[in-house]
Each structure stands twice: as structure tokens, then as C-alpha cells.
Amino acid sequence: MRVGVMQPYFLPYIGYWQLMAAVDKYVIYDDVNFINRGWINRNRILLEGESHFINIPMIGASQNKLINEIGVNNEEKLIEKNLRMVEYAYKKAPYFTKVYPLVKKILECKKEILSQYIAESFYIIAEYLSIETEFILSSQLDKDRSLKGQDKVLAICRILGATEYYNAIGGQGLYSDEDFEKSNLKLCFLKTDDITYPQLGGTYQSNLSILDVMMFNSQEKVKEMLHSYTLITQ
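Fair warning: this is a prediction, and the values are worked out from it, not measured in the lab.

*Asks:* Before we go on, may I ask you to explain the sheet that holds strand β7 (residues 134-137) in this structure?
*Replies:* Strand pairs in the sheet, formed through backbone hydrogen bonds, run parallel or antiparallel to each other. If you trace the 6 strands from one edge of the open sheet to the other, you get β7-β2-β1-β8-β9-β10, paired in mixed fashion. On the outer flanks of this sheet lie β7 and β10 (229-233), each paired with one strand and no other. For this sheet the average axis-to-axis angle between neighbouring strands, irrespective of direction, equals 30°. Both strand β1 (residues 2-6) and strand β2 (residues 25-28) contribute to a ladder of 4 bridges, which runs parallel. If you follow G4 over to β2, its bridge partner there is Y26. In the packing of helix α1 (residues 14-22) onto the sheet, the strands contacted are β1, β2, β7, β8 (164-168), β9 (186-192) and β10, and the crossing angle to β9 comes to about 145°. Seen against the sheet, helix α5 (residues 149-160) touches β1, β2, β7 and β8 and runs at an angle of roughly 140° to β2.

See the structure below:
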């Protein structure tokens, strides 16, 4: 049983989706503290040849709150602003007409809690990319709420009956090989290969939101990209 645990990021880059697709159960880590100026509520899209942030309008955001305690501002004018931005950015992209309806569905979902809003976007895009992984909200698991960091992840793995734990390559320094070995867990890190594709002129902008990948690549091509990674085992 392969398990991945990651904070919910808004429309994250392709590597995040590779991790989702590589595991049997993916835990949306929503009962940890929100991080200001991170990737939880924003990501980058291509606008006039440059990377540009698209944000989820939030209510009561604070690093002193858990991700599942923060609200979403669903005012129509804010939703329309983001939709107009995406349309302006990608209306000439080859797969705009196929992907834009997904964007509308995500931005108009009206979920009032940040973690649920992002989870909904995962479900929508996962269906488009035929990712059949089971999604689980960390806050819905019956576990010791006082646990932190690696201990909390190990507890989640035990609850779910994991035999392998997958994380992004950037998380290597967060986990102890010895502790995972003691827990009879294989520790694996996913490193995304160098992925490039034609964009709309200018210098290529790497590691943008999955929206950029889907706007410029066919559904089948993006599915192929989900397997373009190296798995590093400890």
C-alpha cells in the first residue's frame, strides 16, 4: 500500500500530480498550519510570456490557523476576475476550449473552507487526468491530534496500513530513514524529470501551475507526463 501525504496546494505543478498518481491513497494534509506566501492559496500561470500569480481569495487567513480553519471569499466579482485572467492568459492556447470549463467548475465551486475548495479542484482535475487514487482528508482520520511532523505522518501511514511512503524530492531532509525502517515502511522520494513543452512565445517558463500544462498539451500527453519522474528509495 503506497501512501502520499502533502499539504493541499492550489492548482500545483506537474510534480504534485505525479505524486498523487503514483500512490494508492493520497492524504490531503489539511490539519496543519497555513503558510503565508506559500503554494496553498496561489500558483503561477503564464500571462503575456511571464509567470503571474493566481490566488484564491481568502477570509481570516493566518499562520496561527490550520488550513481547514481558513475560509474562501466566494464573491462573484472575485471569481470573475480570476476567470477573466485565465481567459486572457490562455485563450490562444491549443487546448483552451477543453480546459477552460474545468477552470470555471473549480473557481465557481463555492466551497467555503480552503482545504475543501482545493480538494474539490483535485477531484475535478484527477478525473480529467484519469487519476484513480483514493483521496483522504487528514482531518477526517482518527489520530492523536498532538502529534507533529514526522510522527504525525507515521501515524497516518499506520492508520492506512501503508507499506511505502512517497514524498516529493524536496522533503528528503524532513524524514529519518531509520525511523521509517523501524516502522516497516519503505521511504520513497519522487523527482520530476525535466519536462518542457511549447508555450506562447518568449522564454520558456518552467514549473507553472498544472493549468499551463493542460492548456498547451493534449489530455493524453499530460497523462504520459504523469510518469515522467525518477523514484529514489532510501
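*Asks:* What is the right way to read empty space enclosed by the protein from this model?
*Replies:* All told, the structure shown has 1 cavity of 30 Å³ or more when counted by the stated rule. Counted as a void, the largest cavity has a volume near 60 Å³. For the largest cavity, the full set of lining residues is P57, V72, N73, N74, L78, I79, N82, L107 and Y117. The element contributing the most residues to the lining of the largest cavity is helix α2 (residues 76-90), with 3 residues. Here the lining of the largest cavity is composed, by residue class, of 6 nonpolar, 3 polar and no charged.

*Asks:* What is the right way to look at the pairing of strand β3 (residues 42-47) in this model?
*Replies:* Remember that side chains alternate between the two faces of the sheet whenever the strand is regular. Within β3, 6 of the 6 residues are buried, which leaves it mostly tucked inside the rest of the structure. Judged by which residues are buried, β3 turns out to be covered on both faces: R42, R44 and L46 on one side and N43, I45 and L47 on the other are all buried. Hairpin remark: β3 followed by strand β4 (residues 50-55), antiparallel, with 2 residues in the connecting loop; positive phi at E48, about 55°.

*Asks:* Looking at this structure, I do not really get the packing of aromatic side chains. What am I missing?
*Replies:* The description of an aromatic ring pair rests on the distance of the ring centres and on the angle between the ring planes. A complete count under the given rule lists 17 aromatic pairs for this structure. Look at F10 and Y117: their rings are 6.4 Å apart centre to centre, the planes differ by 50°, and that puts the pair in the tilted class. Placement of the pair is F10 in the loop between β1 and α1 and Y117 in helix α4 (residues 114-128), with a sequence separation of 107 residues. Accessibility expressed as a relative area gives 0% for F10, which makes it buried. Taken together, a centroid distance of 6.5 Å and an interplanar angle of 40° make the contact between Y175 and F189 tilted. Here Y175, found in the loop between β8 and α6 (177-182), pairs with F189, found in strand β9; they are 14 residues apart in sequence, far enough to count as distant. Each member of the pair Y175 and F189 is classed as buried. Grouping aromatic residues by their ring pairs yields a cluster made of Y9, Y16, W17, Y26, F122, Y123 and F135. Lying over the aromatic face of F53, R42 brings its terminal NZ or CZ to 4.0 Å of the ring centre.

The rules behind each value
Residues numbered from 1 in each chain as written. Predicted model: local features only at pLDDT ≥ 70, side-chain atom pairs only at ≥ 80, totals over all residues. Heavy atoms only, no water. Pairing = 2+ DSSP bridges. Helix = DSSP H or I, 4+ residues; strand = E, 2+ residues; numbered from the N terminus. Axes fitted to C-alpha atoms, helices over the stretch in contact; angles between N-to-C directions. Contact = heavy atoms within 4.5 Å. 1 Å grid on protein atoms, 1.4 Å probe; cavity = no way out; pocket = protein on both sides within 12 Å on 5 of 7 lines; lining within 4 Å. Points joined across faces, edges and corners; volume = space filled by probe spheres on them. Nonpolar A, V, L, I, M, F, W, Y, C, P; charged D, E, K, R; others polar. Buried < 20%, exposed > 50% of the residue type's maximum accessible area, 1.4 Å probe, protein only. Phe/Tyr/Trp six-rings, centres within 6.5 Å; stacked < 30°, edge-to-face > 60°. Lys NZ or Arg CZ within 6 Å of the ring centre and 35° of its normal.

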